[in-house]
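Listed below are the residues making up each chain.
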Amino acid sequence: MAHNATTASPPPGAGLPASRPDLSRRPRPGEMVIKAVLILSAGASVLITFGIIAAVIEPALHFFEEVPFGQFFATEDIGSREYRPAVLPLIVGTALTTVIALALAVPLGLGAAMYLSEYASPRARKWLKPTVELLAGVPSVVYGFFALFFVTPVVLQGWLNLEVNFTNAWAAGLVLGVMIIPTVASLSEDALSAVPMSLRQGSYAMGANRMQTTLRVVLPAALSGVAAAIVLGLSRAVGETMIVTMAGGAVKNMSVDPSEPHMTMTAFIAITAQGENPVGSVSYNMLFAVGLLLFIITFIINAISIAFVRRFRQAY
Amino acid sequence: MSVATQTAAATVTATLSGRSRDRNVASLVFLGALWFSLFFGVMVLVALIIDTAITGSPRFDLNLLTQYESTIRKDETGFRAGILGSLWLMGVTALMAIPLGIAAAIYLEEFASKTSRFNRVVEINLQNLAAVPSIIYGMLAVAIMGLLGYNYKGIVLGGAMALALLILPVIVITTREALRAVPDEIRQGSYALGATVWQTTWRNTLPSAVPGIATGTILGLSRAIGEAAPLLILGLATVRFDPTGVESKVTALPMQIYNLSSAPQLDFQVAASAAIIVLLVMILGMNALAIFIRNKFQRSW
């Protein structure tokens, strides 16, 4: 209702009966409370991140008060016998199992994604995609059991006749690879499907067949999305705990021979946590120092993945 | 349609999709490789299930479900404590994670301005949290339990807290997708009748999104029930009694499987194999329920 200053303006609210107040202006204390609760819930996720950082940094700082950086970033344990501070062998173990896992999961995951996106009929895709994703639903402790009691004795020592230890990086890495196939396949498929049809039609019009179109047109066009998928798979492989704890072994090992046992960062945390470490002792605090390193590594990997996804969203 | 037109139409389709030039050796080898990639994972899964089922077959009996872990009568050891513990953990996890996750998703989708700084920070943060290793969540739960004054952390509350923190990002992300799938016309219709944002959300948007939210939540919980790493950090020990409350000592089915897998006795490996089948049945059941809800109740707008 526009008020005109020059004419005699009606009293406010004159057009409405007095019994019907303006509902849109009514204060709603209940809804204010609800909104506040919702905002707090959304903020909780940020709080969790800060909580993780605080929870891990505090004991890690105590660790570095007693143990010099040089002993932590060392290739073998020196110093006290009570704790074993060297972290580089753990990084070697993590790198080795992760490389084996990616060597298996990248080609297979990408192959599955290319089939689902470029070859499968919509009906087949509706069934095949959940089937592949089922692999991600298997608990990691089950994968670890499978690696320990099937992959090592039956596949590696039996069928392939390899000289491998009871626990070794081959079994852990290969089963880790199977676990991350769905991560790579599912996200890559999204990226490949997002490539506009006109690019494929242009390629067919030039006389290319489906293989040439897939490999030379669709894949390069979806590259940043595929890269994001691979990087996310990498992050999963670095952070996975149970498979490498059960099948990878509990030996700090600087060699790069996958047939030997290798302890990874996550396996170190899991195995040490099971021992008797009084709260506040150096070996207890070392758990958190390794945890901090793991968090920083996965944080950087995730940031790279998110940056790739950004680029892939902007492309089309 | 005459035969000639049909053939012509088929040729046009084949040419337009590049199919007519697919029949050379390289293309067929490539297609074979793609098939192999697709079925490799499935073959591994089948091998895993068959091998575990065969190893565990001597122990498919009631003792497996009703007995506690026993070191004396190894051939009768059971997973009662683990199964009940996992169910308790899942229930308390659900109570903690689902309301918080759905509330966060509602705020981000229905209330917050899409371009606000807060919204962007939360979004990137959620993506990041979803990829944080599960063992790190165990460390956070240890710290929180320490702040709450618990010396012994292997109780229902501690385990459920770690699992709830772990699946919270999953629940927020899937709930947001479910809310986003509800068309704007439904909200606008409600606003036009004078409803507030909250009334619209509570009476229109949320009920329409329930199937999607239920699917995502069940999938999140099925991830929580199979998780062992954060529980390992909390120090869940072997127990031989049923959980009675949130402060009761507890073990979980994956923890029991892990502990038995490192025992040298063959009887324990057989029992662990049988327990794996129980765990897989629980998880596949939850996945099937999620898919059923999605197919049966999800509306396509």
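Residues numbered from 1 in each chain as written. Chains lettered and ligands numbered in written order. Predicted model: local features only at pLDDT ≥ 70, side-chain atom pairs only at ≥ 80, totals over all residues.

1. What to know about the overall build of chain B
Part 1 of the argument: When helices and strands are counted, chain B shows twelve helices and zero strands.
Part 2 of the argument: For chain B, whose C-alpha radius of gyration is 25 Å, the value lies well above the compact-globule estimate of 19 Å for 301 residues.
Part 3 of the argument: Projected onto the principal axes, the alpha-carbon positions of chain B cover approximately 80 × 60 × 30 Å.
Part 4 of the argument: For chain B, the residues scored as buried account for 44% of the 301 residues in total. (Helix = DSSP H or I, 4+ residues; strand = E, 2+ residues; numbered from the N terminus. Rg over C-alpha atoms; globule rule 2.2 N^0.38 Å. Buried ≥ 20, exposed ≤ 12 C-beta atoms within 10 Å, placed from the backbone.)

2. Some remarks on the overall build of chain A
Part 1 of the argument: When you go through chain A residue by residue, the secondary structure sums to twelve helices and zero strands.
Part 2 of the argument: Along chain A, helices (α) and strands (β) appear in the sequence α-α-α-α-α-α-α-α-α-α-α-α when read from the amino end.
Part 3 of the argument: Taken over 316 residues, chain A has a buried fraction of 47%.
Part 4 of the argument: Across chain A, the fraction of contacts at a sequence separation of at least 24, relative to all contacts at a separation of at least 6, is 76%. (Contact = placed C-beta atoms within 7 Å.)

3. Remarks on the domain arrangement of chain B
All names here are of chain B.
Part 1 of the argument: In terms of domains, chain B is made up of domain 1 (3-59) and domain 2 (64-297).
Part 2 of the argument: Residue-level contacts link seven residues of domain 1 with nine residues of domain 2.
Part 3 of the argument: Here the residues of the side of domain 1 that touches domain 2 are counted per class, giving three nonpolar, three polar and one charged. (Domains from an automatic or database assignment. Nonpolar A, V, L, I, M, F, W, Y, C, P; charged D, E, K, R; others polar.)

4. Describing the packing of helix α4 (residues 122-137) of chain A against helix α6 (residues 169-193) of chain A
Residues and elements named next belong to chain A.
Part 1 of the argument: Remark: α4 packs on α6, axes separated minimally by 7 Å, with the N-to-C direction vectors making an angle of 135°. Accordingly, the angle class assigned to the pair α4 and α6 is oblique. For α4 against α6, the interelement crossing comes out left-handed. Residue-level inspection shows V132, E133, L135 and A136 of α4 in contact with α6, the latter providing V178, M179, I181, P182, T183, A185 and S186. (Axes fitted to C-alpha atoms, helices over the stretch in contact; angles between N-to-C directions. Parallel < 35°, antiparallel > 145°, perpendicular 65-115°, else oblique. Left-handed = near helix turned anticlockwise from the far one by under 90°.)

5. Remarks on the nonpolar core
Part 1 of the argument: Counting 181 residues, the largest nonpolar core has A147(A), V175(A) and I243(A) as the members making the most contacts within it.
Part 2 of the argument: When residues are assigned to domains, this core turns out to be shared by domain 1 (3-59) and domain 2 (64-297) of chain B, each giving three or more.
Part 3 of the argument: The residues contacting A147(A), other than those within four sequence positions of it, are T152(A), A171(A), A172(A), V175(A), I243(A), M246(A) and A247(A). (Core = buried A, V, L, I, M, F, W, Y, C linked by C-beta atoms within 7 Å.)

6. Quick word on the environment of A112(A)
Residue and element names in this part refer to chain A.
Part 1 of the argument: Relative to the helices and strands, A112 resides in helix α3 (residues 88-119).
Part 2 of the argument: Its 30 C-beta neighbours within 10 Å are what place A112 among the buried residues.
Part 3 of the argument: For A112 and N285, which are 173 residues apart along the polypeptide, the C-alpha to C-alpha distance reads 43 Å.

7. Thoughts on the environment of I78(A)
Residues and elements named next belong to chain A.
Part 1 of the argument: Assignment of secondary structure puts I78 in the loop between α2 (69-72) and α3.
Part 2 of the argument: C-beta crowding within 10 Å serves as the criterion here: with 11 such atoms nearby, I78 is assigned to the exposed category.
Part 3 of the argument: Along the sequence, I78 and L160 sit 82 residues apart, while their C-alpha atoms lie 38 Å from each other.

8. What to know about the confidence of the model for chain B
Part 1 of the argument: Mean pLDDT over chain B works out to 85, with 92% of the residues at or above the 70 mark.
Part 2 of the argument: Reported confidences for the modelled complex are a pTM of 0.86 and an ipTM of 0.87. (pLDDT = per-residue confidence, 0-100.)

9. Looking at the confidence of the model for chain A
Residue and element names in this part refer to chain A.
Part 1 of the argument: When pLDDT is averaged across chain A, the result is 84; 89% of the residues are at 70 or more.
Part 2 of the argument: Mean pLDDT per element in chain A: α2 is the minimum at 78, and α3 is the maximum at 93.
Part 3 of the argument: When the criterion is pLDDT under 50, residues 1-9 qualifies, and its contacts beyond four places in sequence or with other chains add up to three contacts.

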